[in-house]
Amino acid sequence: MSNLIEIRWHGRGGQGAKTASLLLADAAFNTGKYIQGFPEYGPERMGAPITAYNRISDEPITVHSNIYEPDYVVVVDDTLLDCVDVTAGLKPDGAIIINTTKDGEELKAALKGYTGNVYKIDARKVSMETLGKYFPNTPMLAAVVKVSGIMTDEAFLEDMIGSFKHKFAKKPEVIDGNMKALEMALQEVTKV
Amino acid sequence: MGIRERLSGNEAAAIAMKQINPDVVAAFPITPSTEIPQYFSSFVSNGEVDTEFVAVESEHSAMSACIGAQAAGARAMTATSANGLSLMWEMVYIASSLRLPIVMSLVNRAVSGPLNIHNDHSDAMGVRDSGWIMLFSENNQEAYDNLLMAHRIAEHKDVLLPLMVCQDGFITSHSIENIELLEDEKVKEFVGKYNPEHYLLNDKEPIAVGPLDLQAYLFEHKAQQAVAMRNAKKVIAEVSADFERLTGRKYEFFEKYKMDDAETVIVCMNSTAGTAKAAVDELREQGVKAGLLKIRMFRPFPSEEVAEALKNVKAIAVLDKADSLNGAGGALFEDVVSGMYVANVHVPTVNYVYGIGGRDTTVSDIKKVYNDLNEVAQTGNVGNPYRYLGLRGEI
């Protein structure tokens with residue numbers, strides 16, 4: 001399956017990494033792909049490191065294991081760089097996308113010699129400006145779509161408005177903010 | 001045809017139950033099956049089904065309520081996992097001995113202790129001799145499809161046995177994947193109405209259910225259960241053929257994946273079969289004649305058919321996701337080798353216990369097994385037949 005894309009999410013319990021992985025699976029599904037979205041369940045607590053995964057392919061996916069050699073890694077919380085080996089198995093021709101305000105030198109030091117592409121985005125800034133609260137998963141979802149090129153920005157945004165209308169059926173007032181967060185994140189993610 | 005969707009294995013099971021619209025669902029929440037009754041109870045609250053949902057205080061009561069409902073003449077379903085099934089255990093045997101075609105969704109998880117919430121098959125293996133039909137499912141699609149076929153198999157007059165549909169906890173129960181659903185009307189038509197021949201609420205035929213059954217009759221009743229289990233093979237084949245005509249999805253007692261010219265073969269169940277397919281594909285590209293036999297119908301066990309399918313291969317590994325702790329082999333291994341022995345099929349066969357308590361099993365783990373099998377095939381020497389896959393350190 002040469003078109004298979006594998007993504008690993010690192011976040012902390014409560015930040016929505018699992019939800020983001022499921023939303024990404026949804027969006028890719030809606031463009032006609034075969035998808036998997038699944039969290040690695042452990043002793044879950046608010047703030048504890050958690051991992052979630054996506055497989056996205058043009059062909060049916062039969063593998064049912066965790067992902068050890070991802071094409072992309074998404075780090076939803078940069079304090080994880082100190083305690084989780086986030087680049088473990090990450091393909092050199094892949095990329096890591098980090099929610100951070102650290103500069104390139106700091107990131108290079110934290111990533112222990114990872115030679116692939118490094119992208120960063122200040123998801124806190126995006127989230128505060130568009131939602132008024134800190135929900136890093138929405139900007140990170142847009143960032144990984146942008147970097148991986150799984151779908152076009154337009155297709156992604158069009159699909160997400162449908163997803164948010166469904167997800168936030170009981171609080172439609174947050175849909176606009178979430179859409180703005182996605183649009184802004186698509187622009188804000190930068191290569192280090 | 002069909003509805004393209006993406007659902008977790010638990011969602012798929014709950015949707016199947018919604019489309020089946022049973023008379024009674026009685027369940028108690030336990031990870032990782034909790035979502036099934038959770039979603040189903042919302043279908044009840046929203047009026048999408050007209051099922052009587054019984055929120056019982058334990059799994060023992062859940063199975064008891066299902067037994068009462070089914071004996072009364074209703075179609076009853078439940079869902080559970082691991083220790084939930086353990087607590088049901090007494091009633092699990094009673095359900096089958098009373099010949100009540102209850103359908104259970106079993107989301108496989110390790111039985112404690114020490115406490116572990118993750119996947120293995122120790123819960124299912126604990127009830128393998130309880131007289132329930134047991135179907136295993138590789139993914140959400142198979143969990144859904146097996147449930148849609150369940151009632152027609154269980155309720156058939158030549159069978160009348162309860163049936164459980166197994167899927168791997170978390171690995172498929174909590175993974176969102178593509179699935180093709182049937183339209184509600186097609187499910188309704190396929191499953192059909194439940195018309196029990198004998199039932200407690202039939203005032204024209206007063207009967208007793210579950211009275212004392214001593215030396216004079218219990219033996220004969222048990223033998224009848226065994227006959228019913230043998231009859232289930234034919235019925236499972238018929239219902240699966242009907243289902244294929246409806247959906248195009250083919251289900252047999254087991255799936256043969258690239259078995260035509262296979263020399264080294266893995267036998268396993270549930271989600272690991274999907275991972276093994278990826279391993280087989282990679283090995284085939286390298287010219288290795290690897291094959292896979294995925295057991296769907298574990299009870300009744302298709303002994304003759306398995307022996308026939310394996311008779312020409314050079315080496316076999318049977319993967320057990322539960323350790324029988326008997327100092328010999330796992331349950332699936334013992335079933336496969338005894339079936340082969342009786343059929344006079346002699347192929348070097350080894351057993352791997354793997355995936356215990358949710359230990360992840362990867363494509364490279366599976367390829368290692370095929371590599372081991374190449375050595376067995378070349379030397380004809382089985383070595384230690386009781387092996388572990390993915391265990392740390394030496395035992």
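What you see is a predicted model, and the numbers here were worked out from it, not measured in a lab. (Residues numbered from 1 in each chain as written. Chains lettered and ligands numbered in written order. Predicted model: local features only at pLDDT ≥ 70, side-chain atom pairs only at ≥ 80, totals over all residues.)

### Focus: the overall build of chain B
Rules: Runs of H or I in DSSP of at least four residues are treated as helices and runs of E of at least two as strands, each being numbered from the N terminus. Each residue is classed by its C-beta neighbour count within 10 Å, where at least 20 other C-beta atoms makes it buried, 12 or fewer makes it exposed, and intermediate counts make it partly exposed; the C-beta atoms are placed from backbone geometry. Contacts are defined on C-beta atoms placed from the backbone: any two residues whose C-beta positions lie within 7 Å are in contact.
When its secondary structure is counted, chain B shows 12 helices and 15 strands. Across its three principal directions, the C-alpha atoms of chain B cover 70 × 55 × 45 Å. Buried residues in chain B amount to 54% of all 395 residues. Here the contacts in chain B between residues at least 6 apart in sequence split such that 81% fall between residues at least 24 apart.

### Digging into the pairing of strand β6 (residues 117-121) of chain A
Residues and elements named next belong to chain A. Our working rule: Criterion used throughout: strands pair if DSSP finds at least two bridges between them. Handedness of a crossover is defined as follows: orient the strands so they point away from the viewer, and if the path from the first strand over the helix to the second runs clockwise, the crossover is right-handed.
Note that strand β5 (residues 95-99) and β6 share 5 bridges and pair parallel. Looking across to β6, one finds that I97 is bridged to Y119. Following the backbone out of β5, through helix α2 (residues 104-110) and into the adjacent parallel β6, one traces a crossover that is right-handed. Direction of pairing for β6 relative to strand β7 (residues 190-191): antiparallel, over a ladder of 2 bridges. Within β7, the position partnered with K120 by the bridge is T190.

### Let's talk about the interface of chain A and chain B
Tallying the contact residues gives 17 residues for chain A and 18 residues for chain B. Those elements that provide at least two residues to the side of chain A that touches chain B are α1 (17-30) and β2 (34-40) of chain A. Considering every element that reaches the side of chain A that touches chain B, the biggest residue donor is β2 of chain A, with 6 residues. Bridge count between β2 of chain A and strand β8 (residues 176-181) of chain B: 2 bridges; the pairing is antiparallel. Of the residues in β8 of chain B, the one forming a bridge with G37 of chain A is I176 of chain B.

### Looking at helix α1 (residues 9-20) of chain B
All names here are of chain B. Note the threshold: Expected span of a helix: the number of residues minus one, times 1.5 Å.
Between its terminal C-alpha atoms α1 stretches 16 Å, which fits the 16 Å expected from 12 residues at 1.5 Å a residue. Of all 12 residues in α1, 12 are buried; the element is thus mostly enclosed. Within α1, the full set of buried residues consists of G9, N10, E11, A12, A13, A14, I15, A16, M17, K18, Q19 and I20. At the exit of α1 stands N21, carrying a positive phi of roughly 55°.

### Section: the sheet that holds strand β4 (residues 76-80) of chain B
Residues and elements named next belong to chain B. Worth spelling out the cut-off: Axes here mean lines fitted to C-alpha atoms, for a helix over just the part in contact, with angles spanning 0 to 180 degrees between N-to-C directions.
In space, the 7 strands of this open sheet follow the order β3-β2-β4-β5-β7-β6-β12, with mixed pairing throughout. Looking at which strands have only one partner, the edges of the open sheet turn out to be β3 (52-55) and β12 (297-299). If you compare each strand with its neighbour and ignore which way they point, the axes differ by 20° on average. Here 2 bridges tie strand β6 (residues 133-136) to β12, and the two strands are oriented antiparallel to one another. Residue pairing in the sheet places L135 in a bridge with M297 of β12.

### Focus on the sheet that holds strand β9 (residues 254-257) of chain B
Where strands meet in a sheet, backbone hydrogen bonds hold them as pairs that are either parallel or antiparallel. Residue and element names in this part refer to chain B. In spatial order, the strands read β9-β11-β10-β13-β14-β15; together these 6 strands make up an open sheet with mixed pairing. For this open sheet the edge positions go to β9 and β15 (386-389), each flanked by a neighbour on one side alone. Looking at each pair of strands side by side, their axes are set apart by 25° on average, direction ignored. As paired elements, strand β10 (residues 264-268) and strand β13 (residues 315-320) share 4 bridges and run parallel to each other. The partner of V265 across the bridge, within β13, is I316. Its contacts with the sheet put helix α11 (residues 331-342) on β10, β11 (290-295), β13 and β14 (349-354), and the angle it makes with β13 is roughly 145°. Sheet contacts for helix α12 (residues 363-379): β10, β11, β13, β14 and β15; angle to β10, the most-contacted strand, approximately 130°.

### Here we look at α1 of chain A
All names here are of chain A. Taking 1.5 Å as the rise per residue, α1 with 14 residues should run 20 Å; its terminal C-alpha atoms sit 20 Å apart, in good agreement. The complete set of buried residues in α1 reads A17, K18, A20, S21, L22, L23, L24, A25, A27, A28 and F29. A positive backbone phi angle near 100° is found at G32, which sits one or two residues after α1.

### Here's the deal with the confidence of the model for chain B
Short version of the rule: Confidence per residue, as judged by the predictor, is encoded in pLDDT with a range of 0 to 100.
On average, chain B scores 97 in pLDDT, and the residues at 70 or more come to 100%. For this predicted complex, the interface score ipTM comes out at 0.95, alongside a pTM of 0.97.

### Section: unusual backbone geometry
At the junction of G113 of chain B and P114 of chain B, the peptide bond is cis and its omega measures out at -10° in the coordinates. Positionally, P114 of chain B belongs in the loop between β5 (103-108) and α5 (122-126). Residue R299 of chain B is joined to P300 of chain B through a cis peptide bond whose omega torsion reads -5°. Examined against the element boundaries, P300 of chain B turns out to sit in the loop between β12 and α10 (303-310). If you check the backbone angles, K112 of chain A has positive phi at about 50° while not being a glycine. For K112 of chain A, the location among the structural elements is in the loop between α2 and β6. Phi is positive for R99 of chain B, which is not a glycine, with a value near 60°. Relative to the helices and strands, R99 of chain B resides in the loop between α4 (82-97) and β5. A tally of 20 C-beta atoms within 10 Å means that R99 of chain B is categorised as buried.

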